[in-house]
Amino acid sequence: MSSPAERYAAARSASQHPQTRAFAEAQRFELDPFQIDACQALERGHSVLVAAPTGAGKTIVGEFAIHLAMQTPNDKAFYTTPMKALSNQKFRELVDVYGAAEVGLLTGDTNINGNARIVVMTTEVLRNMLYAGSDALRGLRFVVMDEVHYLADRFRGPVWEEVILHLAHDVRLISLSATVSNAEEFGDWLDTVRGDTEVIVSETRPVPLEQHVLVRDDLLPLFDDRAGVATAQVNQELFRIRSFTGSRYDSNSRAQAYNSARHAGRQAQRPPRGGKRPVRAANMRRIERMDRPDVVQLLERSNLLPAIFFIFSRVGCDAAVQQVRRAGIRLTTQEERDQIRATVTERTAALQDEDLDVLGFWEWRDNLERGVAAHHAGMLPVFKEVVEELFQRKLVKAVFATETLALGINMPARTVVLEKMEKFNGEARVAITSGEYTQLTGRAGRRGIDVEGHAVVQWTEGMDPQSVAALASRRTYPLNSSFRPTYNMAVNLIDRFGRTRAREILESSFAQFQADRSVVGLARKVRDAEESLDGYLKAMQCERGDFLDYAAIRRELSDLEKKNRRDAGPRAARDKRLKKIQQLRTRMQRHACHGCPDREAHARWAERYFTLKRDTDRIRKQIEKRTGSVARIFDRVIDVLQIVDYVSGTGDELELTDAGRTMRRIYGERDLLVAEALRARLWRNLDAPSLAAMACCLVYEPRRDEQNAGERGLPRGAFRIAYDATTRLWAELDELEEAHSLPRTEPLAPGLSGAMHSWARGGALDRVLVDADMAAGDFVRWAKQTIDLLDQLSIVADDDELARTARRALDGVRRGIVAYSGV
């Protein structure tokens with residue numbers, strides 16, 4: 001209970017922030033202190049960075065910013081998200097509050113009411129609006145950047161920094177982040193580039209999390225609750241179980257040992273010491289893991305549903321649903337099944353009948369009516385959205401999902417189950433990080449519904465309870481900038497600001513801010529080393545002469561002699577080396593310091609001097625490399641753009657050529673290649689399906705197992721000619737980038753071009769998916785990225801016929817399951 005002084009301070013603060021008080025009173029639940037602090041900071045006119053755990057309610061701060069904008073007749077608020085699915089979800093939520101007339105949605109493939117006062121959009125859309133100087137920016141007062149920790153994403157992260165750097169200074173920025181370990185550093189940068197930014201960090205979950213380990217059919221606590229939260233002592237029973245599974249026991253004694261551990265209460269006896277190292281007996285079975293259907297039923301009996309089971313593979317998610325189905329499990333009542341069917345019928349009405357069998361619709365619907373579902377990127381977007389909606393409505397009780405579900409979508413559960421503590425990262429199986437563990441388990445516990453959330457880790461052979469506990473206890477990952485200048489960024493900066501101002505903007509990036517901070521630590525090391533070097537110089541002073549010069553001769557002679565013993569080499573080189581050795585010996589013997597009685601003592605100080613100086617010189621090079629590193633990359637990008645005639649002029653007096661002006665509106669990893677292909681008119685003879693296939697080659701990222709698949713299945717005729725010409729152009733640009741020490745552009749990826757050509761030509765879905773060799777959800781994702789590029793081509797192409805072809809290609813791709821927008 002708060003003291004009278006605290007209650008008085010809270011009342012005084014509330015009276016000074018009437019908007020916050022009115023907004024808080026209108027909510028379904030009492031706001032947490034961090035939410036109130038953030039809202040009050042906004043009401044005072046500040047920007048805010050809010051870092052809090054998943055499910056803590058960060059978005060309420062963004063919604064308060066929208067509330068503030070709507071208190072005046074003309075102010076606008078933009079709400080940006082990293083994903084179209086998140087944008088769609090937030091759009092629907094805001095329409096429910098403010099009405100369809102006041103809310104818009106812009107996601108690249110969806111344009112609804114774009115001039116509304118509240119507009120939800122992906123971050124890339126806002127970046128494009130800023131570079132284009134869009135009229136929609138007039139009256140903009142608040143920008144909410146949800147999931148701002150995406151700034152660390154290698155491919156898309158730079159967009160977040162571009163937006164932060166280019167927004168008008170009178171726009172208040174609301175940055176919502178996961179609990180990154182360097183939130184204060186990020187906040188310092190925001191305060192530097194945006195001004196008046198308050199950093200509000202909360203590490204308190206609104207719903208407490210109970211953490212368990214599932215051993216056989218027993219849910220054991222991960223932490224010993226007797227020890228108290230502060231100490232977070234690992235449950236000793238888990239250590240005993242680990243000890244017993246590695247010892248030589250027969251079946252009966254092993255079972256007795258397990259049961260002893262299970263029922264020993266909280267006595268915390270240590271495993272026996274001494275003796276031989278335990279060896280697993282040949283006839284000894286492992287502690288058997290429960291099958292997935294049994295785990296679902298255990299959670300149901302324990303009143304721990306709804307639950308999300310995180311399985312780090314799509315195949316595993318689909319297999320889990322099948323296992324539950326085959327076990328005959330049904331988690332729903334008849335009334336719930338009727339509601340599920342009605343929702344599915346309504347949300348999938350636009351799907352064509354002939355596609356339903358291809359998509360596995362009937363079995364998917366039957367599984368939903370049983371209360372179970374999978375959720376992964378290979379699923380059709382509408383299928384995923386239906387699963388999300390039904391789970392939120394507590395109609396679906398068990399979802400088997402990949403880790404992508406942990407990224408932003410509002411799908412809290414009572415329980416989260418982790419089957420394994422490792423995943424495949426594309427190259428090898430690696431342990432999940434503390435940040436990933438926090439993100440995944442953050443879904444456990446529904447505010448206003450659950451008293452506590454539950455995280456369950458299934459026991460696996462060799463599991464170390466201490467490692468699991470460390471993941472659960474550690475503060476999460478650091479936020480590191482992935483910002484780098486691109487060709488599109490460079491031409492937009494030159495066009496708007498000129499070279500000098502553009503370099504200043506880039507030197508204000510978070511990437512440079514972090515590099516400069518690391519330089520501070522390195523510079524401190526150099527200063528300390530310089531003091532030591534001065535001390536070594538004094539210690540080696542010789543009254544007979546310059547001992548540093550003498551020590552340098554000795555060092556060079558020693559290095560040459562070692563090399564001579566190690567490397568015979570050609571006779572001429574060896575003779576040359578021997579001659580140099582002799583010269584150095586003569587110089588050393590004639591040096592004034594050679595006869596000093598303290599020569600060897602001085603030499604030891606000299607050796608320390610040279611070792612430290614070598615290390616110090618290396619640190620100085622690191623400082624030189626990091627200082628102004630982003631601007632130096634920008635200079636190299638400009639050099640390339642000048643060579644290919646996108647920028648003209650010298651020094652600071654630069655301007656864009658016609659080709660440079662075209663590139664301002666070409667966004668993507670291969671922006672220069674696309675611009676050059678347009679200028680060279682390499683695609684002018686392509687029909688609409690072939691242009692769609694070409695665009696697909698430029699956006700598609702092949703799986704590792706298909707990167708060397710060659711060019712089988714490519715469309716023939718004009719496409720093949722244009723493809724070969726574009727590949728030759730890529731090779732020329734690749735050499736140019738290598739010569740200028742720039743990250744090199746990936747080559748064209750034709751693996752999906754045949755299937756995209758067939759789809760744009762009107763091919764049937766079943767045949768296209770067979771040709772593509774991928775799930776429907778993956779095909780839709782790449783088709784939508786193809787549409788994005790075709791849309792750009794239809795706008796920027798100076799060849800009217802090519803622009804019309806791009807529009808026809810876009811229409812050919814945007815049909816059937818690809819045309820679904822989610823709103």
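Here the structure is a predicted model, which means the values were calculated and not measured.

### A few points about the overall build of the protein chain
Regarding its fold elements, the protein chain presents 32 helices and 19 strands. Counting over 823 residues, the protein chain shows a buried share of 51%. For the protein chain, contacts bridging at least 24 residues in sequence account for 75% of all contacts bridging at least 6.

### Here we look at the sheet that holds strand 12 (residues 372-375)
Pairing in this open sheet of seven strands is mixed, and the strands run 10-9-17-14-11-13-12 from one edge to the other. Both edges of this open sheet fall to strand 10 (218-221) and strand 12, since each of them pairs with a single strand only. Averaged over all adjacent pairs, the angle separating strand axes in this sheet is 25°, with direction ignored. Pairing of strand 9 (residues 209-215) with strand 10 involves four bridges; the strand directions are antiparallel. Residue pairing in the sheet places V213 in a bridge with L220 of strand 10. Seen against the sheet, helix 11 (residues 292-301) touches strand 9, strand 10, strand 11 (307-310), strand 13 (398-401), strand 14 (415-418) and strand 17 (453-458) and runs at an angle of roughly 150° to strand 11.

### A closer look at the side chain of T20
The topology assignment puts T20 in helix 2 (residues 18-25). Ignoring sequence-local partners within four residues, the contact set of T20 consists of I36, C39, Q40, E43 and F64.

### So, the nonpolar core
Among the nonpolar cores identified, the biggest contains 194 residues, and L641, W683 and F779 are the most heavily contacted of them. F779 has contacts with L752, M756, W759, V768, L769, A772, M774 and V818, leaving out every residue within four places of it along the chain. Counting 32 residues, the second largest nonpolar core, distinct from the first, contains V48, V61, F64 and I200.

### A short note on helix 12 (residues 314-326)
Its 13 residues place the ends of helix 12 19 Å apart at the C-alpha level, agreeing with the 18 Å of an ideal helix rising 1.5 Å per residue. Turning to helix 12, its buried residues are G316, C317, A320, V321 and V324. Viewed along the axis of helix 12, the buried residues span an arc of 140°, placing them on a single side of the element. Away from the buried face of helix 12 by more than 90 degrees, exposed residues V315 and R326 are located. Turning to helix 12, the residues buried within the fold contact helix 11, helix 15 (361-370), strand 12 and strand 13.

### Some points on unusual backbone geometry
The omega torsion of the bond from L305 to P306 falls at 5°, within 30 degrees of zero and hence cis. When you line up the elements, P306 lands in the loop between helix 11 and strand 11. Within the chain, D196 stands out as a residue other than glycine whose phi angle is a positive 45°. With respect to the secondary-structure elements, D196 resides in the loop between helix 8 (183-194) and strand 8 (197-201). Even without a glycine there, the phi angle at N303 is positive, about 60°. Here N303 is to be found in the loop between helix 11 and strand 11.

### Remarks on helix 28 (residues 718-739)
The first and last C-alpha atoms of helix 28 sit 32 Å apart over 22 residues, in line with the 32 Å expected at 1.5 Å per residue. Of the residues making up helix 28, those classed as buried are F719, A722, Y723, A725, T726, L729, W730, L733, D734, L736 and E737. In the segment just after helix 28, S741 is the residue with positive phi, at about 55°.

### Some thoughts on the packing of aromatic side chains
The final tally for this structure, using the stated rule, is 17 aromatic pairs. In this structure, R608 is placed above the aromatic ring of W605, and the distance from its NZ or CZ to the ring centre is 4.4 Å. Here R815 stacks its cationic end above the ring of W759, 3.6 Å away from the centre of that ring.

### A word on the confidence of the model for the protein chain
Detailed reading of the predicted coordinates is not advisable wherever pLDDT falls low. Taken residue by residue, the protein chain gives an average pLDDT of 85. The fraction at 70 or more is 88%. Ranking the elements of the protein chain by mean pLDDT puts helix 10 (residues 251-263) last with 42 and helix 27 (residues 688-699) first with 97. Low pLDDT, under 50, characterises residues 247-285; the stretch is placed with 52 contacts to residues that sit more than four places away or in other chains.

Cut-offs used in this document
- Residues numbered from 1 in each chain as written.
- Predicted model: local features only at pLDDT ≥ 70, side-chain atom pairs only at ≥ 80, totals over all residues.
- Heavy atoms only, no water.
- Helix = DSSP H or I, 4+ residues; strand = E, 2+ residues; numbered from the N terminus.
- Buried < 20%, exposed > 50% of the residue type's maximum accessible area, 1.4 Å probe, protein only.
- Contact = heavy atoms within 4.5 Å.
- Pairing = 2+ DSSP bridges.
- Axes fitted to C-alpha atoms, helices over the stretch in contact; angles between N-to-C directions.
- Core = buried A, V, L, I, M, F, W, Y, C linked by side-chain atoms within 4.5 Å.
- Expected span 1.5 Å × (residues − 1).
- Arc of directions from axis to C-beta.
- Phe/Tyr/Trp six-rings, centres within 6.5 Å; stacked < 30°, edge-to-face > 60°.
- Lys NZ or Arg CZ within 6 Å of the ring centre and 35° of its normal.
- pLDDT = per-residue confidence, 0-100.

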